[in-house]
Amino acid sequence: MTGRKIAVVGLGGIGGVAAACLSLSTDNDVTVCARRRIDTLTFDHHEESKRIPLKTLTEPSRAEPVDWVILCTKAQDVASAASWLERLCTPKTTVAVLQNGIAHEERVAPHAKGATVLPAIVYYNGERFAPDHVRLRHIRGHDLLVPAGAQAEAFAALFEGTPIDVGISAEFITYQWRKLLVNVIANPITALTRQRLGVFQREDIQQLSLGILDEAVAVGRAEGAQLAGNEAEMILETFLAYPPEAGTSMYFDCLAGRPLEIEALNGAVVAAGLRHGLATPLNTAMLTLLKTVSDANAKTP
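Remember, it's a predicted structure, so these values are computed and weren't measured experimentally.

Bringing the side chain of Arg137 into the picture now. Among the secondary structure elements, Arg137 is positioned in strand β10 (residues 133-137). Here Arg137 falls in the buried class, since its relative accessible area comes to 14%. A polar atom in the side chain of Arg137 sits 3.2 Å from the side chain of Glu127. Once residues within four sequence positions are removed from consideration, Arg137 is found in contact with Tyr124, Asn125, Glu127, Glu245 and Ala246.

Structure, rendered in structure tokens:
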């Protein structure tokens, strides 16, 4: 097979959906880099289900340089993916980072051997039912968003003809913080309550969410995001329109007893708040509670 050589690193909900959609284009030559070999991936989208053949590598030593790396590990797992990046990347490679949080370039560039790092905001919901079975839910608007620049159009072209819609924006930092605002309430609250997004129909949860958001909005403005005066209220209103049956990545990780990416979410707000001298007590509480859960999960065999 010829075409654009693409390696998808990480086959969770986000990575599984990305691998499935990229494999639907005959212009892409897709290899999945994962812990276990998977020959066929079941991909659910709307009312349809497809079985998609996969080319899988389980050992970094067998990987070769590619044109594109789609990095779909959790933010805290970038260092553990370094062995893959070292084999897959050259200065001609572009690494698209499909992760929550901010500071994608700072996390990934030290491991990427001079490759271009392209941060991407993920809006779609990717649910993993089994190692070889994922479902794509569209939330609203674009499924992925990348900053305007030299690699943006090329990245969008990877998904042409697939169910994933890619947007491009010159105001990426603002959208990045708006996505972070969603995540600093969605992920910790679903994880701590062990409930899906329907939990946000509770009035007391909405009031807690607004308090968390108010802190994060102030920090985001200090970081350069152009956020509205009623940004917290708009985020919550938009968020309440999401499917109540949908889960979050941290919710699923919590149920599965996996470490949590809280440092990249509320932790990023707390760290930026410290840089700017802004108090973030509610985000600090979320960070403290979920670090405790994450540390306990990491110790569980």
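Pairing between strand β1 (residues 4-9) and strand β2 (residues 28-33): 6 bridges, direction parallel. Within β2, the position partnered with Arg4 by the bridge is Asn28. Between the parallel elements β1 and β2, the chain passes through helix α1 (residues 13-23) in a crossover that is right-handed. Direction of pairing for β1 relative to strand β6 (residues 68-71): parallel, over a ladder of 4 bridges. Within the sheet, the bridge partner assigned to Ala7 lies in β6 and is Val69.

How two aromatic rings sit relative to each other is given by the distance of their centres and the angle of their planes. Evaluation of the coordinates by the stated rule reveals 5 aromatic pairs. With 5.9 Å between their ring centres and 45 degrees between their planes, Trp68 and Phe155 make a pair best called tilted. Here Trp68, found in strand β6, pairs with Phe155, found in helix α4 (residues 152-158); they are 87 residues apart in sequence, far enough to count as distant. Each member of the pair Trp68 and Phe155 is classed as buried.

Calculation criteria
Residues numbered from 1 in each chain as written. Predicted model: local features only at pLDDT ≥ 70, side-chain atom pairs only at ≥ 80, totals over all residues. Heavy atoms only, no water. Helix = DSSP H or I, 4+ residues; strand = E, 2+ residues; numbered from the N terminus. Buried < 20%, exposed > 50% of the residue type's maximum accessible area, 1.4 Å probe, protein only. Polar contact = N/O pair within 3.5 Å; in protein donor to acceptor, adjacent residues only side chain to side chain. Contact = heavy atoms within 4.5 Å. Pairing = 2+ DSSP bridges. Right-handed = clockwise from strand over helix to strand, strands pointing away. Phe/Tyr/Trp six-rings, centres within 6.5 Å; stacked < 30°, edge-to-face > 60°.

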